[in-house]
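Summary of structural features
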Amino acid sequence: MEKITLSELEQYLWDAANILRGPVDASDFKAYIFPLLFFKRISDVYDEEYKQALDESDGDEEYASFPELHDYIIPEGAHWDDVKEKTTNVGQALQHAFREIEKENQDKLYEIFGDVNWSNKDRLSDELLIDLIDHFSSKNLSKKYVEPDMLGQAYEYLIKKFADLTNRKAGEFYTPRTVVHLMGSILKPQEKESIYDPACGSGGMLLEAYHYVKNKGGDERTLKLYGQEKNLTTSSIARINLFLHGVQDFEVIRGDTLRNPSFHEGDMLSQFDAVIANPPFSLSNWGHEHWSHDPFGRNIAGTPPKSNGDYAWVQHMISSMAPITGRMAIVLPHGALFRGGAEGKIRKKLIENDLLEAVIGLGPNLFYGTGISACILVYRNQKNAANKNKVLFIDAAEQYQKGRNQNFFLEEHAEQVLEWYEKFEDIEDISKVVDVDEIKDNEFNLNISRYVRKQLVVEEIDLKETFQELNDAYDEFLESEEKMKALLKEVGVL
């Protein structure tokens, strides 16, 4: 058997999803495919490790079963092959295998397979599950045939396909990777640092930090990754995603970050070197009642309005930044730049505290589930001396490729915006470094157009040429009219 290519692996996973079409809604594909993929992977890796141990010990089966020799323990009766042998009650066998594996690997795999009811035969008949398991069985997913990086890339391909299929709902678990890449490049995570995403979705931003350090030649294994995600299925997928990419040292916890943050010591929030997130836009019912007297003191600049949690996320993330190295990047809707009331007061205080470093306006319709324009806000606890009491505004609203249903922020756009950010200077029509006093004069309104003013381009009009074009168009109209009349006469209408 030869190593699997990336395109083969992608097609193999997409074909698996297509087996579910019909009984399972496309928006639910991910809840089924990723647990099965992970189950097949760890079963094949277990077999690979077992065989290697057998070879090393001249066939000592007891030695080959030692837990220390395996990434994960596969209990007796809970291996992929045990489920494959079943012809009836297949879903029940799957559910049993998942629970046994979770029990035997509690420290790493607790609840990782999610909460799908695999024994619901109205949705998942034995025939359908047998087809699905036979399909997955057609390839060996051990490390010998599939490197973690490739499995991770195929995973990214699949989750993007799922996002494309379920545009409206995809914003809950997927941020365009180029936007994530831009945010990671701005924060520049380093070896041994801690990275935190309080709304981690499928874990893409944590992985961006991991790959950033790796691609820069650092030891990515020294990073400490932390995430929290409210949705059980999505939090499980994030953990599977990180494991499939070969990440071992991370913690992703299911829970409501704004009401019950998971990372804290007593009433002190844990603090991290880099904080990064694309939280739900303009969340209502976000937990206002908890914040009036927040035990963690996160309302550092005030309590956001009940109807909009944008600045609850901002303040939670600022409170989670380490005192010296702490920096953060957050995606927000444009409205967060200029809304008044309680949000205006919070914005004012955060600017006065000189925490805001940059405002980057992005183009419209780039994110799944919403057509509105968004922006990236960058905050730092310790700004460079040259940047103190200054904020960089970047108008990147034209950095996108037009799409039929959605626009695309391409890698070239991300690189261009990063270059502007790193220059931190005035560029005509693009960026402006603004003193806090000027923002104060604008009543702390951060609307980018107030600072990056476009030069008006007046197109010179050739009147003679324009008049000729008008005459030509009129002649074409008359010609078409004559043809239409002739046609109507032929059919007896005129």
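The following refers to the structure shown. (Residues numbered from 1 in each chain as written. Predicted model: local features only at pLDDT ≥ 70, side-chain atom pairs only at ≥ 80, totals over all residues. Heavy atoms only, no water.)

1. Section: the nonpolar core
With 103 residues, the main nonpolar core has Phe38, Phe136 and Ile376 as its most contacted residues. If one sorts the elements of this core by residue count, helix H2 (residues 29–56) sits on top with 11 residues. With near-sequence residues (within four places) excluded, Ile376 lies in contact with Val179, Leu182, Met183, Ala329, Ile330, Val331, Ala358, Val359, Ile360 and Leu362. Listed in part, the 42 residues of the second largest apolar core include Ala312, Ile346, Leu377 and Leu446. (Core = buried A, V, L, I, M, F, W, Y, C linked by side-chain atoms within 4.5 Å. Buried < 20%, exposed > 50% of the residue type's maximum accessible area, 1.4 Å probe, protein only. Helix = DSSP H or I, 4+ residues; strand = E, 2+ residues; numbered from the N terminus. Contact = heavy atoms within 4.5 Å.)

2. Quick look at the layout of surface pockets
Counted as a void, the second largest pocket has a volume near 440 Å³. Along its surface, the second largest pocket is lined by 21 residues, and His181, Leu207, Glu208, His211 and Asn215 are the ones closest to its centre. Take the lining of the second largest pocket: its biggest share by element is 7 residues, from helix H11 (residues 204–215). Its residues assigned to classes, the lining of the second largest pocket shows 4 nonpolar, 9 polar and 8 charged. (1 Å grid on protein atoms, 1.4 Å probe; cavity = no way out; pocket = protein on both sides within 12 Å on 5 of 7 lines; lining within 4 Å. Points joined across faces, edges and corners; volume = space filled by probe spheres on them. Nonpolar A, V, L, I, M, F, W, Y, C, P; charged D, E, K, R; others polar.)

3. Focus: the side chain of Asn241
Among the structural elements, Asn241 can be located in helix H12 (residues 232–244). Residue classification places Asn241 among the buried positions, given a relative accessible area of 0%. When sequence neighbours within four positions are dropped, the list of residues in contact with Asn241 reads Tyr155, Glu156, Ser202, Gly203 and Leu207.

4. What about the packing of H2 against H12?
Look at H2 against H12: their axes get within 10 Å of each other, and the N-to-C directions meet at 35 degrees. In the packing of H2 onto H12, the handedness of the crossing is left-handed. Contacts between H2 and H12 involve Lys30, Ala31, Phe34, Pro35, Leu37, Phe38 and Arg41 on the former and, on the latter, Thr233, Ile237, Ile240, Phe243 and Leu244. (Axes fitted to C-alpha atoms, helices over the stretch in contact; angles between N-to-C directions. Left-handed = near helix turned anticlockwise from the far one by under 90°.)

5. Digging into a nonpolar patch on the surface
A contiguous nonpolar surface patch, about 310 Å² in accessible area, is contributed by Tyr474, Phe477 and Leu478. Take Leu478: it is sitting in helix H18 (residues 463–490). (Patch = residues over 30% accessible without salt bridge, like charges linked within 9 Å, V, L, I, M, F, W, Y side chains within 5 Å. Areas by Shrake-Rupley, 256 points an atom, 1.4 Å probe, with all protein chains shown as cover. Salt bridge = Lys/Arg side-chain N within 4 Å of Asp/Glu carboxyl O.)

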